[in-house]
Number of protein chains: 2
Amino acid sequence: MTGSNGRLRVDLGDRSYDIIVGDSLLASAGESIRTAAGNGRCWVVTDETVAGLYLDQVAASLSDSGFDVQSIILPPGESSKSFATVERIVNTVLDSGPERNSTLVALGGGVVGDVTGFAASIILRGVNFVQIPTTLLAQVDSSVGGKTGINTRHGKNLAGAFYQPRLVIADTGVLDTLPRRELLAGYAEIVKYGLIRDSGFFHWLERNGGAVIDGDRDARRYAVQASCTAKAAVVSEDERENGVRALLNFGHTFGHALEAETGFGAELLHGEAVSIGMVMAFELSEMMAFCPRTDVERVRQHFAVTGLPMTLPTAQGRRWDPATLIEHMGHDKKIRDGQVTFILARGIGDAFIARDIKPETVRRLLDGAVAA
Amino acid sequence: MTGSNGRLRVDLGDRSYDIIVGDSLLASAGESIRTAAGNGRCWVVTDETVAGLYLDQVAASLSDSGFDVQSIILPPGESSKSFATVERIVNTVLDSGPERNSTLVALGGGVVGDVTGFAASIILRGVNFVQIPTTLLAQVDSSVGGKTGINTRHGKNLAGAFYQPRLVIADTGVLDTLPRRELLAGYAEIVKYGLIRDSGFFHWLERNGGAVIDGDRDARRYAVQASCTAKAAVVSEDERENGVRALLNFGHTFGHALEAETGFGAELLHGEAVSIGMVMAFELSEMMAFCPRTDVERVRQHFAVTGLPMTLPTAQGRRWDPATLIEHMGHDKKIRDGQVTFILARGIGDAFIARDIKPETVRRLLDGAVAA
């Protein structure tokens, strides 16, 4: 697979779709979208940052393929994942009289993808949706699987829809313009796939993770493709997260609590929070005697070498309170019958769903993390 | 079937659900919902009018069955089908920390059902949804089939979701408190099922329509049950309206244009607009030599006897302009490749989808209708 562009399939019956992974795919985006979603009207939704870099190229490609293209440019950042933005996108599209075969293209990171997908799902009760993720995080995680949504004052992603795209175009070439901090945040989700179900891939990352981060094109393409393949397999098994899909939340229950505390902003990126959360999940797994210490150390070693964060950040004077973090977990949406779900690990590549964790145990772990 | 309560199934794979039709079902609503949707937290969404009549009874029944019940009371009327209302419902529910097995119950007419279903579809990307329709129109049409949504400044139902309820409870006893005008508006949708696919049912209505409208309990129950059965069959065949489901729009392309012109308000109720639209569809069908005049006259005769509206209302000084009506049709969301879809009939009980109607033909029909 290394060395060439690839196409993989997310198998979901009549909602199946392809993910194309490779270099320099933006130039042929129009043709790919025309094949996957037909022709007609097309809206490219992006943010100001990405618009400056790639909007012209994508819009030109769509125009060349016969689409009537308009663009909607959002302010960058998490605050665009709101009811107000969805309403703005919906009304802007409706202003021009869309039809059911019209297409919304999300060009950007997770925020753009989530809010655009949600808008696409509700316009005329569903128009075509295409993802062109431009961050590593979005390429390996949020653009695949059909979760769309917005934040409310209660928390992140608490309103939204399961809505599958018609196509995902992951152009690994665009990662060259990504700041290193965002690259690392995306890399955390790549490591996750190794940690939860694929010790062989984790081993590959131990050898090649540095190359992925430093910009080796073949390594990047392989890592993105392997991650999408892993996610596609899980999503095909369990589209609406009734079972195995919960494994993808590895590190996320802790991570979301950290993000809730820091306001889902630049102080702590999602991938950074997940990175710290995955280390916490391994520590908790060891504390409860599920996982040997050697595996926890091997994880810590890889995180240290690649530069993934492992400890609660205090640089900006942030003080952490275990009780508050536990309260944030209580607002996590993956709650059933009042029980917070944790994903723990028996070792590298062997995660499982645990619903019966005592709050005291979590408290003990957090006390340790705060003191560290 | 006449004479007893009944239960019928909408067959949609893992989204299948039951419709219960009968007298005095509100008293046992809690038990029925518990069986269909499990227990947990429950929000009853209703409007001020219905709240005064039935909220206490439904809330008590839910409480007795072990639900933790809260209520959300909306202003009555079409203006509640808005982004603002959805946001209000979503935030109110999120205020109390819902879980994925929480349930939203829509107690009311089509407006309450549509906006509550849409909110249920997006809270945590989907919580349980139950419909208790309290108007004849909602019982025989909008509560069955999973179309939810809101209006925007561009038109009706232009944003929403396909989201199936877990259960529909159609208590025909509540129709006793419904104003006669609303009863008739609902009756128009009952007649529709006969006109599009079931000449035998239309014949039954010719003999029993008066009894349905005047309040005969057995006749009402049978008419509601037959209508739900007809709609369930169509929806099971074609959930997302790619084919046969379009037949349910019989009379609606004209009807929506009339509603758009009158502002979707009390001047012309949805069912009244559909009633006029169905007569127009038959006249157009005859004009194009699809349908014999005898069938058109038989339809007109039944509408006249039961009091269904057939002509454009001018009582409030309204003046109708054919060109404006045609423009409204151009904004109908059931457009593909720029062509407005009409449902025409070869006769009573034999409707079909027609996409190639010339605007001049429609104009000629409307010129006649405006002059009438």
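Residues numbered from 1 in each chain as written. Chains lettered and ligands numbered in written order. Predicted model: local features only at pLDDT ≥ 70, side-chain atom pairs only at ≥ 80, totals over all residues.

Describing the overall build of chain A
Reasoning step 1: A count of helical and extended segments in chain A gives 13 helices and 13 strands.
Reasoning step 2: A compact globule built from 372 residues would reach a C-alpha radius of gyration of about 21 Å, and chain A, at 20 Å, matches this within 12%.
Reasoning step 3: If one aligns the C-alpha atoms of chain A with their principal axes, the spans along those axes are about 60 × 45 × 40 Å.
Reasoning step 4: By the burial criterion, 53% of the 372 residues in chain A qualify as buried.
Reasoning step 5: Pairs at least 24 apart in sequence give 77% of the contacts found in chain A among residues at least 6 apart. (Helix = DSSP H or I, 4+ residues; strand = E, 2+ residues; numbered from the N terminus. Rg over C-alpha atoms; globule rule 2.2 N^0.38 Å. Buried ≥ 20, exposed ≤ 12 C-beta atoms within 10 Å, placed from the backbone. Contact = placed C-beta atoms within 7 Å.)

A closer look at the interface of chain B and chain A
Reasoning step 1: Contact with chain B, which involves 27 residues of that partner, is made by 27 residues of chain A.
Reasoning step 2: Among the secondary structure elements, those contributing two or more residues to the side of chain B that touches chain A are helix H3 (83–95), helix H4 (110–122), strand S7 (147–152), strand S8 (155–162) and strand S10 (335–336) of chain B.
Reasoning step 3: Within the side of chain B that touches chain A, the residues separate by chemical class into 11 nonpolar, nine polar and seven charged. (Nonpolar A, V, L, I, M, F, W, Y, C, P; charged D, E, K, R; others polar.)

Observations concerning the sheet that holds strand S6 (residues 128–133) of chain B
All names here are of chain B.
Reasoning step 1: Reading across from one edge, S1-S2-S9-S6-S5-S3-S4 is the order of the seven strands in this open sheet, with mixed pairing throughout. Both edges of this open sheet fall to strand S1 (6–10) and strand S4 (68–74), since each of them pairs with a single strand only. Strand-to-strand, the axes of this sheet are offset by a mean angle of 20 degrees, without reference to chain direction.
Reasoning step 2: Sheet analysis places S1 next to strand S2 (residues 17–22), joined by five bridges and oriented antiparallel. The residue of S2 that forms the bridge with Gly 6 is Val 21.
Reasoning step 3: The sheet contacts of helix H1 (residues 29–37) involve S2, strand S5 (103–108), S6 and strand S9 (167–171), and relative to S9 the element is tilted by about 160 degrees. (Pairing = 2+ DSSP bridges. Axes fitted to C-alpha atoms, helices over the stretch in contact; angles between N-to-C directions.)

Remarks on the relation of the copies chain B and chain A
Reasoning step 1: Once chain B is rotated about the relating axis by 180 degrees and shifted along it by 0.0 Å, it coincides with chain A to within an RMSD of 0.0 Å. Here the two chains are linked by the operation of a two-fold rotation axis.
Reasoning step 2: A shared interface surface links the copies, since 100% of the contact residues of chain B are contact residues in chain A too. (Least-squares fit on C-alpha atoms with pLDDT ≥ 70 in both.)

Some remarks on helix H3 (residues 83–95) of chain A
Residues and elements named next belong to chain A.
Reasoning step 1: Compared with an ideal rise of 1.5 Å per residue, which puts 13 residues at 18 Å, H3 spans 18 Å between its outermost C-alpha atoms and is within 8% of the ideal.
Reasoning step 2: Within H3 the residues assigned to the buried category are Phe 83, Thr 85, Val 86, Ile 89, Val 90 and Val 93. The buried residues of H3 occupy an angular sector of 170 degrees when the element is viewed end-on, so they sit on one face. Away from the buried face of H3 by more than 90 degrees, exposed residues Ala 84 and Asp 95 are located.
Reasoning step 3: Downstream of H3 by a residue or two, Gly 97 has a phi angle that is positive, lying close to 65 degrees. (Expected span 1.5 Å × (residues − 1). Arc of directions from axis to C-beta.)

Some words on the domain arrangement of chain A
Residue and element names in this part refer to chain A.
Reasoning step 1: Assigned domains within chain A: domain 1 (6–177) and domain 2 (180–371).
Reasoning step 2: Measuring from the centre of the C-alpha atoms in domain 1 to the corresponding centre in domain 2 gives 26 Å.
Reasoning step 3: Between domain 1 and domain 2, the contact holds 29 residues from the first and 31 residues from the second.
Reasoning step 4: At the level of elements, strand S1 (6–10), strand S2 (17–22), helix H5 (136–142) and strand S8 (155–162) are the ones that each hand at least two residues to the side of domain 1 that touches domain 2.
Reasoning step 5: Top contributing element to the side of domain 1 that touches domain 2 by residue count: H5, with five residues. (Domains from an automatic or database assignment.)

Considering the sheet that holds strand S3 (residues 41–47) of chain A
Within a sheet, each strand pairs with its neighbour through backbone hydrogen bonds, oriented either parallel or antiparallel.
Residues and elements named next belong to chain A.
Reasoning step 1: One open sheet holds the seven strands; their spatial order is S1-S2-S9-S6-S5-S3-S4, and the pairing between them is mixed. Two strands close off the open sheet at either side, each with one partner strand: S1 and strand S4 (68–74). Going from strand to strand, the sheet's axes swing by 20 degrees on average, the running direction of each strand aside.
Reasoning step 2: In this structure, S2 lies alongside strand S9 (residues 167–171), joined through five bridges in parallel fashion. When the sheet's bridge partners are listed, Ile 19 is paired in S9 with Val 168.
Reasoning step 3: Running at roughly 160 degrees to S9, helix H1 (residues 29–37) makes contact with S2, strand S5 (103–108), strand S6 (128–133) and S9 of the sheet.
Reasoning step 4: Packing against the sheet, helix H4 (residues 110–122) makes contact with S3, S4, S5 and S6, and its axis sits at approximately 170 degrees to S5.

Considering the environment of Val140(B)
All names here are of chain B.
Reasoning step 1: Position of Val 140 relative to the elements: it lies in helix H5 (residues 136–142).
Reasoning step 2: Overall, the presence of 28 C-beta atoms within 10 Å leaves Val 140 in the buried class.
Reasoning step 3: Separated by 106 residues in the primary sequence, Val 140 and Arg 34 place their C-alpha atoms 23 Å from one another.

Observations concerning the confidence of the model for chain A
Reasoning step 1: Taken residue by residue, chain A gives an average pLDDT of 93. The fraction at 70 or more is 97%.
Reasoning step 2: Across the predicted assembly, pTM comes out at 0.92 and ipTM at 0.91. (pLDDT = per-residue confidence, 0-100.)

Brief notes about the pairing of S7(B)
All names here are of chain B.
Reasoning step 1: Burial of S7 is extensive: five of the six residues sit out of reach of the surface.
Reasoning step 2: In terms of strand pairing, S7 meets S8 through five bridges, oriented antiparallel. The partner of Gly 149 across the bridge, within S8, is Gly 160.
Reasoning step 3: Here S7 hands over to S8 after two residues, the two strands then running antiparallel side by side.

Structural notes on the packing of H1(B) against helix H2 (residues 48–64) of chain B
Residue and element names in this part refer to chain B.
Reasoning step 1: Viewed as axis vectors pointing N to C, H1 and H2 meet at an angle of 50 degrees, and their least axial separation amounts to 7 Å. The angle between H1 and H2 places the two elements in the oblique class. Like other packed secondary-structure pairs, H1 and H2 cross with a definite hand, here right-handed. Mapping the contact onto sequence places Ala 29, Gly 30 and Ile 33 in H1 and Val 58, Ser 61, Leu 62 and Asp 64 in H2.
Reasoning step 2: Split into classes, the residues belonging to the contact of H1 with H2 amount to four nonpolar, two polar and one charged. (Parallel < 35°, antiparallel > 145°, perpendicular 65-115°, else oblique. Left-handed = near helix turned anticlockwise from the far one by under 90°.)

Describing the environment of Thr253(A)
Residue and element names in this part refer to chain A.
Reasoning step 1: As for its placement among the helices and strands, Thr 253 is situated in helix H9 (residues 252–262).
Reasoning step 2: Judged by C-beta crowding, with 23 C-beta atoms within 10 Å, Thr 253 ranks as buried.
Reasoning step 3: With 88 residues separating them in the primary sequence, Thr 253 and Thr 341 have C-alpha atoms 7.6 Å apart.

Regarding the environment of Trp320(B)
All names here are of chain B.
Reasoning step 1: Among the secondary structure elements, Trp 320 is positioned in the loop between helix H11 (293–306) and helix H12 (322–330).
Reasoning step 2: Separated by 62 residues in sequence, Trp 320 and Leu 258 place their C-alpha atoms 9.0 Å apart.
Reasoning step 3: Filtering out sequence-adjacent residues up to four positions away, Trp 320 remains in contact with Leu 312, Leu 325 and Val 370.

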